[in-house]
Amino acid sequence: MEMFSAEDEEQWEIIRRTIDVSDYYVLILGLRYGSKTSDGISFTQKEYEYALEKKIPVLAFVMSDDVSLPKSRRDDDLSDINAFRSTVLDNSKMAQFWETKDELIKSVSISLMKQIMQKPGVGWVRGNKLGVEEDLSKELTSLSKENRALREKIVELESKISPKIPKIEVNVAYPSVSRDYHDLEPKVLPRKLNSVDIPRHLTKYLDDAAVDTFNNSLPSESQLMEYNIANNRYHKLQNYSTPLVIEVSNIGTCKAQNVYVEIVFPDTVAVYDQSESFVEPENPIPENPLVEAEVQYEKEKLASLASLHAAMLGVDNFNNILGNYSLAPNVGSLSHLSAINRSWWTRLDGNKVTIKIESLLHTRTMTFDDEYLIAPLALANGELKVNVICEEYAQEDIKVMDLHIKQQEL
């Protein structure tokens, strides 16, 4: 357009009529503004504004400022072209920048194709081709119907072909706890003793050495916290453990070979072997010497009363009124022994259970309920990560399942 004169109104009429019958307007801007019309703007800008006025979709492609051009291909004064470029960028939010000819060709082709698909234009056909286009349209319609019928037939045939593959499903029974589920009351660190804490009637049973020993044996806050956590865990394991029940099923259409199932449990539960036993944590708080002194005081008081009572009854030997009792020793439980079975095995590593099954027929289920125990450490739901692989699988099947803690009804 830079070759047109400002008075070339006949040329503008040609341009205007061309834009009127166009479906899209493609604008490519470099660094030359071009010849101006009598309106004081370039023909290109006048075209652009006319296309906007006629609501014709505009595809704008603006040369990047980083492109180095010779002086012959750019205006000496860039004020007009820069103002035009700014107007285009403000109006066309989807304007694209380009640097090379190949990049411009690619961008124009892709953008125009997208625009044709998203906003199809009316287009035009030569008059002598009208009959041909009508026949072609009918042929395309017929082919489209045939294509649709063939696709439906393929889907029908595929549905009748059942591929012979296994499908392993894993189900973990939700652990349940009784309504009295609770945390232990944490131990509180006692304060150190001093002489004013000792009642007068206990002074003969308590010396400074005993008080110093008690004060020096008190644990730190962190040591007591560790004990409370360990003791609360021991309490949960002893009182709220239930058998861990895992079901592995093959709901596919053929036998599965060398099945490996790996289940990772959340930290909100503890999983352990049934044969495993736990030692109750030792309370780090020493026995209060005031309590021992009070016991000695009560014993001496009771002995005096007993002697007096014996004298009144004339009994020479007054044995311990309460008598002597001994506790039977604890009987240790026998270790849990799993049956030896070469067709399957299980392994526990922390909170991860691994199950290996040599073969599992389709429609069959294996239940594992006598290997491990599970104890909820908190009334909080968590997630299980379940990984399954077998010879017939192309890749490992990874699933995340919810683990809910059920609280029994009263």
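Model, not experiment: these values are computed from the prediction.

A. A look at the packing of helix α2 (residues 43–53) against helix α3 (residues 79–91). At a minimum axis distance of 11 Å, the contact between α2 and α3 shows a crossing angle of 20 degrees. By the angle between their axes, α2 is roughly parallel relative to α3. For the element pair α2 and α3, the recorded crossing hand is left-handed. Contacts from T44, Q45, Y48 and L52 in α2 reach F84, T87, V88 and N91 in α3. Grouping the constituent residues of the contact of α2 with α3 by class yields four nonpolar, four polar and no charged.

B. Up close: the layout of surface pockets. What the largest pocket holds in volume is close to 430 Å³. Taken together, 19 residues make up the lining of the largest pocket; nearest its centre are V58, L59, M94, A95 and Q115. Among the elements of the structure, α2, β2 (58–63) and α4 (101–118) are those that each provide at least two residues to the lining of the largest pocket. Here the residues of the lining of the largest pocket sort into 10 nonpolar, six polar and three charged.

C. Quick peek at α3. Look at α3: 18 Å from first C-alpha to last across 13 residues, which is about the 18 Å you get at 1.5 Å a residue. Of the positions making up α3, those classed as buried are I81, F84, R85 and V88. Projected down its long axis, α3 shows its buried positions confined to an angular sector of 100 degrees, all on one face. The elements touched by buried residues of α3 are β1 (25–29), α2 and β2.

D. Here's a closer look at the nonpolar core. Core analysis: the biggest nonpolar cluster contains 33 residues, and I246 and F265 have the highest contact counts within it. Setting aside residues up to four positions removed in sequence, F265 forms contacts with V172, L244, V271, N351, V353, I374, L384 and L403. By size, the runner-up hydrophobic cluster in this structure holds 20 residues, among which are Y25, I41, Y50 and I56.

E. Structural context of a nonpolar patch on the surface. Taken together, the side chains of L136, L140 and L143 present a nonpolar region at the surface, about 270 Å² in accessible area. Relative to the elements of secondary structure, L140 occurs in helix α5 (residues 130–160).

F. Layout of helix α7 (residues 221–239). Compared with an ideal rise of 1.5 Å per residue, which puts 19 residues at 27 Å, α7 spans 27 Å between its outermost C-alpha atoms and is within 8% of the ideal. Buried residues of α7: L224, Y227, N228, N231, N232, Y234, H235, K236 and L237, and no others. Buried residues belonging to α7 abut β9 (269–273) and β13 (372–376).

G. Region of the structure containing the sheet that holds strand β7 (residues 246–250). As summarised here, the arrangement of the three strands in space is β4-β7-β12, forming an open sheet in which the pairing is antiparallel. With one partner strand each, in any of the chains shown, β4 (168–172) and β12 (365–368) form the two edges of the open sheet. Between one strand axis and the next, the sheet turns by 15 degrees as a mean value, whatever way the strands run. Relative to β7, β4 is paired through five bridges, and the arrangement is antiparallel. Opposite E169, over in β7, you have S249 as the bridge partner.

Conventions adopted
- Residues numbered from 1 in each chain as written.
- Predicted model: local features only at pLDDT ≥ 70, side-chain atom pairs only at ≥ 80, totals over all residues.
- Heavy atoms only, no water.
- Axes fitted to C-alpha atoms, helices over the stretch in contact; angles between N-to-C directions.
- Helix = DSSP H or I, 4+ residues; strand = E, 2+ residues; numbered from the N terminus.
- Parallel < 35°, antiparallel > 145°, perpendicular 65-115°, else oblique.
- Left-handed = near helix turned anticlockwise from the far one by under 90°.
- Contact = heavy atoms within 4.5 Å.
- Nonpolar A, V, L, I, M, F, W, Y, C, P; charged D, E, K, R; others polar.
- 1 Å grid on protein atoms, 1.4 Å probe; cavity = no way out; pocket = protein on both sides within 12 Å on 5 of 7 lines; lining within 4 Å.
- Points joined across faces, edges and corners; volume = space filled by probe spheres on them.
- Expected span 1.5 Å × (residues − 1).
- Buried < 20%, exposed > 50% of the residue type's maximum accessible area, 1.4 Å probe, protein only.
- Arc of directions from axis to C-beta.
- Core = buried A, V, L, I, M, F, W, Y, C linked by side-chain atoms within 4.5 Å.
- Patch = residues over 30% accessible without salt bridge, like charges linked within 9 Å, V, L, I, M, F, W, Y side chains within 5 Å.
- Areas by Shrake-Rupley, 256 points an atom, 1.4 Å probe, with all protein chains shown as cover.
- Salt bridge = Lys/Arg side-chain N within 4 Å of Asp/Glu carboxyl O.
- Pairing = 2+ DSSP bridges.

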